[in-house]
Amino acid sequence: YIVCSLVQRAQSDAAVIDEFVSKLTAGSTHQMLRLKILSSVFSILEAHPKSQLTVLSALVSQATKTGQFHNISSQLERVDSLLEGWKADKADARKLHLVISQAAKQADKPLQAHEFLLKHLSTFQGGSKAELDQASGAAKDVVVDAIAQPTVFHFDKYLQLDAVRHLENGGEKAVLGLLGVFAREDVAGLAAFEKANPNLLKTLGLEQSACMEKMRLLSLCSLASKEEEVGYSQLASKMDVPEAEVERWVIKAISAKLIDAKMDQLRRVVIVKGSTDREFGQAQWGKLHGKLSAWETNVQQLLEVIRTARTSVEQ
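Here the structure is a predicted model, which is why all the values come from computation and not from measurement.

Colleague: Sorry, what's going on with a nonpolar patch on the surface here?
Modeller: On the surface, a nonpolar cluster with roughly 260 Å² of combined accessible area is contributed by Leu302, Leu303 and Ile306. Within the element layout of this structure, Leu302 appears in helix 19 (residues 282-314). Exposure remark for Leu302: the relative accessible area of 53% places this residue in the exposed category.

Following this line, the structure appears as structure tokens:
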């Protein structure tokens with residue numbers, strides 16, 4: 001209570017708050033108490049954005065140190081709105097996102113770590129060459145992590161990041177090439193890339209079997225997005241698997257919500273109701289426009305039927 005009262009009196013002095021936070025987090029005893037104090041101080045400083053930003057960074061680090069990262073989820077859920085309210089510049093947002101990403105990784109929260117690493121890299125959009133050079137390590141990490149994550153199947157958004165595209169100029173051209181394979185290629189494309197870069201997956205810490213499994217699902221998804229019915233033999237060829245294994249892969253794709261489909265075992269075809277587009281460019285916008293136009297036409301026809309029926313009743 002005494003500490004919080006002192007903070008309230010000094011809250012307008014950023015230098016005093018910075019020094020207080022620095023000394024509070026430097027100690028090695030009573031770590032849980034230090035975490036509680038930081039949490040209280042964070043709440044007290046709501047009217048002082050710059051100091052609150054300093055405290056939040058320290059709070060994240062302290063929560064990680066004490067194994068209490070899960071207990072600051074409410075603050076982390078508000079990070080975007082807090083940064084906007086604080087009118088934080090790119091440098092501050094960049095630093096905070098990276099601190100949270102590293103803390104989440106240490107706390108064994110891989111998806112959250114990945115999410116904040118993406119946010120960190122998004123702050124480099126339109127950056128100078130020097131800034132993009134600075135981001136090359138994080139850009140490489142996010143690419144490798146995206147490929148390794150079993151739940152990540154959309155890679156086009158990574159190619160839209162300036163920091164990731166800059167890998168081509170920083171000695172990591174092969175990493176960018178691998179990302180391009182997962183964004184647009186199929187099983188045959190990955191096999192060809194591996195042949196041209198035989199040690200890359202191992203060097204990056206990626207398992208070849210896991211990469212190929214993901215690519216088989218992506219290849220299935222690509223084929224399903226082009227056809228309303230796909231034969232088992234066609235899928236087997238595309239995924240480079242025995243035809244007897246096709247149903248297992250289709251079930252995996254449905255479970256991953258990559259496709260909405262059912263299997264006709266007598267005809268040995270997969271009937272596709274819907275599928276996820278791996279890219280969203282001009283062709284996908286056209287496809288969406290067509291669906292919306294068809295929906296609009298159907299609604300207009302339905303309204304006309306209702307109007308006609310109403311007129312008949314009134315007469």
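Colleague: Sorry, what's going on with the packing of aromatic side chains here?
Modeller: Aromatic rings considered in pairs are described by the distance between their centres and by the relative angle of their planes. On inspection of all chains with the given rule, the structure shows 2 aromatic pairs. Geometrically, the ring pair formed by Phe155 and Phe182 is tilted, given 5.6 Å between the ring centres and 50° between the ring planes. Residue Phe155 is found in the loop between helix 10 (136-148) and helix 11 (156-159), and its partner Phe182 is found in helix 13 (residues 173-184); the two are separated by 27 residues along the sequence. For the pair Phe155 and Phe182, one class covers both residues: buried. Put simply, the rings of Phe155, Tyr158 and Phe182 pair up and form one aromatic cluster. Here Arg94 stacks its cationic end above the ring of Phe124, 3.8 Å away from the centre of that ring. The ring of Trp249 carries the charged tip of Lys252 above its face, separated from the ring centre by 4.7 Å.

Colleague: What's the story with the pattern of salt bridges in this structure? I'm lost.
Modeller: Where side chains of opposite charge bring their charged atoms close, a pairing between them can arise. The tally for this structure, following the rule as stated, stands at 13 salt bridges. Across the pair Lys140 and Glu172 runs a salt bridge, and its minimum N-O distance is 3.4 Å. Highlighted residues: Lys140 in helix 10 and Glu172 in the loop between helix 12 (162-165) and helix 13, separated in sequence by 32 residues. Overall, the relative accessible area of 24% leaves Glu172 in the partly exposed class. Across the salt bridge formed by Glu229 and Arg267, the nearest N and O atoms sit 2.6 Å from each other. Highlighted residues: Glu229 in strand 1 (residues 229-231) and Arg267 in the loop between strand 2 (259-264) and strand 3 (269-275), separated in sequence by 38 residues. We classify Arg267 as partly exposed; its relative accessible area is 44%. One salt-bridge network, in which partners are shared between bridges, spans Asp80, Glu115 and Lys119.

Colleague: Before we go on, may I ask you to explain the sheet that holds strand 3 in this structure?
Modeller: By definition, the strands of a sheet pair up through backbone hydrogen bonds, in either a parallel or an antiparallel sense. Spatially, the 3 strands line up as an open sheet ordered 1-3-2, and their pairing is antiparallel. Looking at strand neighbours, the two that pair on one side only are strand 1 and strand 2, the edges of this open sheet. Taking the axes of each pair of neighbouring strands and ignoring which way they run, one obtains an average angle of 30° across the sheet. The pairing of strand 1 with strand 3 spans 3 bridges and is classified as antiparallel.

Colleague: Honestly, the pairing of strand 3 in this entry has me stumped. Any pointers?
Modeller: Regular strands place their side chains on alternate faces of the sheet. One ladder, built from 6 bridges, connects strand 2 with strand 3; its direction is antiparallel. In the strand pairing of strand 3, Ala261 is matched with Val272. Counting the residues in the hairpin turn of strand 2 and strand 3 gives 4 residues, including Arg268, whose phi is positive at 55°.

Calculation rules
- Residues numbered from 1 in each chain as written.
- Predicted model: local features only at pLDDT ≥ 70, side-chain atom pairs only at ≥ 80, totals over all residues.
- Heavy atoms only, no water.
- Patch = residues over 30% accessible without salt bridge, like charges linked within 9 Å, V, L, I, M, F, W, Y side chains within 5 Å.
- Areas by Shrake-Rupley, 256 points an atom, 1.4 Å probe, with all protein chains shown as cover.
- Salt bridge = Lys/Arg side-chain N within 4 Å of Asp/Glu carboxyl O.
- Helix = DSSP H or I, 4+ residues; strand = E, 2+ residues; numbered from the N terminus.
- Buried < 20%, exposed > 50% of the residue type's maximum accessible area, 1.4 Å probe, protein only.
- Phe/Tyr/Trp six-rings, centres within 6.5 Å; stacked < 30°, edge-to-face > 60°.
- Lys NZ or Arg CZ within 6 Å of the ring centre and 35° of its normal.
- Pairing = 2+ DSSP bridges.
- Axes fitted to C-alpha atoms, helices over the stretch in contact; angles between N-to-C directions.

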